[in-house]
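What follows is the residue order along each chain.
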Amino acid sequence: MSRVTRFAARDPGIAPRVAAFLDHLRAQGFHVGVAETDLALSALSHVACADPAQARLALKAVCAGCADDVARFDDLFDAFWMNEGRVRQRAMPSQTSGEMQHMRSTREDRARRADGSGIAEEPEGGDGDGETASEGTGKLVASQLRNLMKKDMREIVSPEDVRRAERVARDLGRALRDRRSRRRHAARKGAQIDFRRTIRKSLSSGAEPFKLARRNRPDRPVRITALCDVSGSMTLYAKPFLAFLSGLMRADPDSDAYLFHTRLVRITEALRDDDPLRALNRITLLADGFGGGSKIGGNLNRFARSYARKFVNGRSVVLILSDGYDSDAPDLVGAALKRLRKRGCRVIWLNPLKSWEGYAPIARGMSAALPHLDLFAPAATLDDLAALEPELVRL
Amino acid sequence: MTSVCTAERKEAGRPVGRPATPMSDWNELQNDLSREGYVAADDLAMALHIALSLGRPLLLEGAAGVGKTEIARTLAAVKATELIRLQCYEGLDAAQTIYEWNYQRQLLSIRAASEAGEARAETEARIFSDEFLLERPLLKAIRQPTAPVLLIDEIDRADEEFEAYLLEILSDFTVTVPELGTIPAITRPMVILTANGTRDLSDALRRRCIYAHVDYPDRATELAILAKRCPDIEARLAGQIVGFVQSLRKEELEKTPGVAEMLDFAAALAGLGINDLSGDPVVLQATLATLLKTQADRANVPPEVAQRLAGKAA
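It should be emphasised that the depicted structure is a prediction, and the values quoted were computed from it without experimental measurement. (Residues numbered from 1 in each chain as written. Chains lettered and ligands numbered in written order. Predicted model: local features only at pLDDT ≥ 70, side-chain atom pairs only at ≥ 80, totals over all residues.)

1. Some thoughts on the overall build of chain B
Stage number 1. What chain B contains, in helices and strands, is 15 helices and 10 strands.
Stage number 2. Within the span of chain B, comprising 314 residues, buried residues form 38% of the whole.
Stage number 3. Intrachain contacts of chain B at a sequence separation of at least 6 include 79% that bridge at least 24 residues. (Helix = DSSP H or I, 4+ residues; strand = E, 2+ residues; numbered from the N terminus. Buried ≥ 20, exposed ≤ 12 C-beta atoms within 10 Å, placed from the backbone. Contact = placed C-beta atoms within 7 Å.)

2. Concerning the overall build of chain A
Stage number 1. Secondary structure assignment for chain A yields 20 helices and eight strands.
Stage number 2. Counting only residues that meet the buried cut, chain A has 43% of its 395 residues in that class.
Stage number 3. Sequence-distant contacts in chain A: of pairs separated by 6 or more residues, those separated by 24 or more amount to 72%.

3. Concerning the packing of helix 11 (residues 235-250) of chain B against helix 15 (residues 303-313) of chain B
Axes are the key here: two packed helices are described by the angle between their axes and the distance separating the axes.
Residue and element names in this part refer to chain B.
Stage number 1. It is the contact of helix 11 with helix 15, at a shortest axis distance of 8 Å, that shows an interaxial angle of 130°. It follows that helix 11 is oblique to helix 15 by the angle criterion. When you trace helix 11 past helix 15, the crossing you get is right-handed. Taking contact as the criterion, the partners of Gln240, Gly243, Phe244, Ser247 and Leu248 in helix 11 are, on helix 15, Leu309, Ala310, Lys312 and Ala313.
Stage number 2. When the residues that make up the contact of helix 11 with helix 15 are grouped by side-chain class, the tally is five nonpolar, three polar and one charged. (Axes fitted to C-alpha atoms, helices over the stretch in contact; angles between N-to-C directions. Parallel < 35°, antiparallel > 145°, perpendicular 65-115°, else oblique. Left-handed = near helix turned anticlockwise from the far one by under 90°. Nonpolar A, V, L, I, M, F, W, Y, C, P; charged D, E, K, R; others polar.)

4. Some words on the interface of chain A and chain B
Stage number 1. The interface is formed by 29 residues belonging to chain A together with 29 residues belonging to chain B.
Stage number 2. Among the elements of the structure, helix 2 (34-44), helix 3 (52-63), helix 4 (67-81), helix 11 (195-202) and helix 16 (307-311) of chain A are those that each provide at least two residues to the side of chain A that touches chain B.
Stage number 3. Here the side of chain A that touches chain B gets six residues from one element, more than from any other, and that element is helix 3 of chain A.
Stage number 4. Among the residues making up the side of chain A that touches chain B, the classes are represented as 17 nonpolar, seven polar and five charged.

5. Here's the deal with the sheet that holds strand 3 (residues 223-229) of chain A
All names here are of chain A.
Stage number 1. If you walk across this open sheet you meet the six strands as 5-4-3-6-7-8, and the pairing is mixed. Across the chains shown, the open sheet's two edge strands, defined by having one partner strand only, are strand 5 (264-266) and strand 8 (375-378). For this sheet, the mean angle separating the axes of adjacent strands, direction not counted, is 20°.
Stage number 2. Here five bridges tie strand 6 (residues 316-321) to strand 7 (residues 346-351), and the two strands are oriented parallel to one another. Note on strand 7: the bridge partner recorded for Ile320 is Trp349.
Stage number 3. Relative to the sheet, helix 12 (residues 238-251) contacts strand 3, strand 4 (256-260) and strand 6, its axis offset from that of strand 3 by approximately 155°. (Pairing = 2+ DSSP bridges.)

6. Re helix 2 (residues 42-54) of chain B
All names here are of chain B.
Stage number 1. When the terminal C-alpha atoms of helix 2 are compared, their 18 Å separation across 13 residues agrees well with the 18 Å that a helix rising 1.5 Å per residue should span.
Stage number 2. The element helix 2 is largely enclosed, with a buried count of 10 among its 13 residues.
Stage number 3. When we look at burial in helix 2, the residues that qualify are Asp43, Leu44, Ala45, Met46, Ala47, Leu48, His49, Ile50, Ala51 and Leu52.
Stage number 4. Gly55 occupies a position one or two residues after helix 2 and carries a positive phi of about 70°. (Expected span 1.5 Å × (residues − 1).)

7. Quick look at the nonpolar core
Stage number 1. The biggest cluster of nonpolar side chains holds 102 residues, and the ones touching the most others in it are Ala58 of chain A together with Ala47 and Leu58 of chain B.
Stage number 2. It is helix 2 of chain B that contributes the most residues to this core, eight residues altogether.
Stage number 3. With sequence-adjacent residues up to four places away left out, Ala47 of chain B is seen in contact with Ala61 of chain A together with Leu58, Ile210, Tyr211 and Ala212 of chain B.
Stage number 4. Core analysis: the second largest hydrophobic core is formed by 64 residues, Tyr237, Ile283, Trp349 and Ala363 of chain A among them. (Core = buried A, V, L, I, M, F, W, Y, C linked by C-beta atoms within 7 Å.)

8. Quick look at helix 17 (residues 330-341) of chain A
Residues and elements named next belong to chain A.
Stage number 1. In a regular helix each residue adds 1.5 Å, so 12 residues correspond to 16 Å; helix 17 covers 17 Å between its end C-alpha atoms and thus fits that length.
Stage number 2. Looking at helix 17, one finds that the buried residues are Val333, Ala336, Leu337 and Leu340. All buried residues of helix 17 project into a common sector of 95° when viewed along the axis, lining one side.
Stage number 3. Those residues of helix 17 hidden inside the fold are in contact with helix 15 (296-305), helix 16, strand 6, strand 7 and helix 18 (364-369). (Arc of directions from axis to C-beta.)

9. What to know about the environment of Tyr99 of chain B
Residues and elements named next belong to chain B.
Stage number 1. Checked against the element boundaries, Tyr99 lands in strand 4 (residues 99-101).
Stage number 2. Exposure remark for Tyr99: the 19 C-beta atoms within 10 Å place this residue in the partly exposed category.
Stage number 3. Taking C-alpha positions, Tyr99 is 8.6 Å from Lys140, a pair spaced 41 residues apart along the chain.
Stage number 4. If we skip the residues at most four places from it in the chain, Tyr99 touches Leu133, Leu134, Glu135, Arg136, Leu139, Val175 and Val177.

10. Structural notes on the confidence of the model for chain B
Residues and elements named next belong to chain B.
Stage number 1. For chain B, the average pLDDT comes to 84, and 91% of its residues sit at 70 or higher.
Stage number 2. Segment residues 1-22 is flagged for pLDDT under 50; beyond a separation of four residues in sequence, or across chains, it makes 23 contacts in the model.
Stage number 3. Predicted complex metrics record ipTM = 0.79 and pTM = 0.66. (pLDDT = per-residue confidence, 0-100.)

11. What to know about the packing of helix 10 (residues 219-229) of chain B against helix 11 of chain B
All names here are of chain B.
Stage number 1. Helix 11 packs onto helix 10 with a crossing angle of 130° between their chain directions and a minimal axis gap of 10 Å. Comparing the axis directions of helix 10 and helix 11 gives the class oblique. Handedness of the crossing formed by helix 10 with helix 11: right-handed. Here helix 10 contributes Arg219, Glu222, Leu223, Leu226 and Ala227 to the contact with helix 11, which in turn contributes Ala238, Gly239, Ile241, Val242 and Gln246.
Stage number 2. For the contact of helix 10 with helix 11, the per-class residue count stands at six nonpolar, two polar and two charged.

12. Notes on the pairing of strand 3 (residues 83-87) of chain B
Residue and element names in this part refer to chain B.
Stage number 1. Counting buried positions over the five residues of strand 3 gives four, a clear majority of the element.
Stage number 2. Both strand 3 and strand 6 (residues 149-153) contribute to a ladder of five bridges, which runs parallel. Considered in strand 6, the bridge of Leu83 is made with Val149.

13. Digging into unusual backbone geometry
Residue and element names in this part refer to chain B.
Stage number 1. Despite not being glycine, Glu154 has its phi angle at roughly 55°, a positive value.
Stage number 2. Along the polypeptide, Glu154 turns up in the loop between strand 6 and helix 8 (160-172).
Stage number 3. The residue Phe173 is not glycine, and still its phi comes out positive at about 50°.
Stage number 4. Note that Phe173 resides in the loop between helix 8 and strand 7 (174-177).
Stage number 5. Given 19 C-beta atoms within 10 Å, Phe173 falls into the partly exposed group.

14. Here we look at the confidence of the model for chain A
All names here are of chain A.
Stage number 1. Here chain A averages 71 in pLDDT, and 69% of its residues register 70 or above.
Stage number 2. At the low end of the mean pLDDT range in chain A sits helix 8 (residues 139-144), at 34; at the high end sits helix 2, at 90.
Stage number 3. Every residue in residues 178-190 scores below 50 in pLDDT, and together they form nine contacts with partners more than four places removed in sequence or on other chains.

15. With respect to the pairing of strand 2 (residues 58-61) of chain B
All names here are of chain B.
Stage number 1. In strand 2, alternate side chains face the same way, and those of Leu58 and Leu60 on one face and Leu59 and Glu61 on the other are all buried.
Stage number 2. The pairing of strand 2 with strand 9 (residues 190-195) spans four bridges and is classified as parallel. Paired with Leu60 across the bridge in strand 9 is Thr194.
Stage number 3. Here four bridges tie strand 2 to strand 10 (residues 210-213), and the two strands are oriented parallel to one another. Residue pairing across strands places Leu58 opposite Ile210, the latter belonging to strand 10.

See below:
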């Protein structure tokens, strides 16, 4: 049993300590605010708070907000209250990505952002400077992380591109949306009558409902999930695609974006950063290994098993931007797409090579994927993407 | 749509007065739950205790079949109160969850009033009164004389709009009907929300709630659950069943069997009079129907695999 932390005499009461603990959690990416501090204190008043086991359970119930929080809580609790040496919680993105399935999207970025500010209560607050630097340049940490990054995203994508891509993305989104609403319309044979309004109206005509008020369903937005291949063979096309992704994220709050090369990285939150350039900066950090090999099958499979379970449903359109050159076994792509299709989504594969003359989808991964696609279309530039609009409407 | 089930069981089996050694409340709650047949892990019992004592909703998240819904039912039994259940689905709206006017009665009433020559203002006041209001679960829950357990099941299936509406009700427990004004809560229901990760819930909802993640039980807990629910099964077979199901969960399956499936499996074995799991491969394979619910999973666990798992569990 580890020793209980000794506190300085200047914060004698329980309230400041609990507040400091919540601060500690916040620094580690928990979504807790002042209201939770209050809640934590009142929760402690309902248990024997001198008993560490009870206090632990009580604080866990109040502070944790998702499965991932629950999993990390015990270590954080020990680090703060049990003084169990220096427990290093914060892992670099390259290490955590393997266990990200149950994570909420913002975790990683928030943790980093919060750490940069160097919270005093955090035991290892001293090594925050490397992280702080990451906000500024990106390149410095990238080299510290010994990553294989060859290009800075900021050189690849300019703010103008993002703005233009935003327009394209908005148009595409609208195209998908319209299609959706038409289908609903055809399926709805007897539109509902709005009884509430009908009855109110009928009052003036002596309970004779002459005018029937009707109810219509509003159009449901489609959720676009984009997966972009940034492996070596795709380097040439990375520019328009990344611009498109970041435009998409800004144009449509429901959309979702991922990068993959040898690993799969969720970049939705990073791309939503208020400042488009900083967003790209953050991608730079997330995308170490950019321009490396590609494992399409493995990544799609991981996506189908993890993120897709949470974010992809019958209203989703999964957009895969890749050339289909895969170093994984080809049947893996087929199996992954099949699994993905089971969630009821539509799958669109945009291949930059398809616009080449004489192109045939003979890359093994690509041909395995074909039977599972709703649309297989060429796209190499932003203009190509914009030209997709009528195709999507027809889909 | 919604179903309401009453738990009329009284606190028959509960000891009178407090135990001699002062026990903390949450242990007492845990014991009460266990007496009603629900074995709750420590963190779940604590979360429930805190949610009840602070009057906050409890959000339970976890895979299907780990007993999220069951805890609400058990809580209603422990507290000897009513369980009001709202099953969420896509497209759920206020008319189905909060209140609706009884249109048929309204129409009849207007017709009768116009024949009797009643003034329009009077008719209007009458047909938009409490008498013509149909309570739906959320309104019903706040108008009970004794605080009920309100179970909002599978909240992640409902859409974001409903989630937003729910937030409003969960924070001040009042419902506003334009024609009637604001209806305040008579009692505050004990609210339990369950989710199994179909959709990411909003942070606002998570923050409003006390959170507990319900996982598949460990071996000891699952044995305790089995002993509670099927007391007739002898210890050796119980050990085998739990061991088998636990190792089955580690296999690559589309639908991992939950606690409910384990209990079905045990009941099936008991019903067939089996007392050794590895005894008869044919029966074992047949009873797997209670655990494996998709074609692919059945194919993934051929007799040899089932035998291997059963042999390991024995």
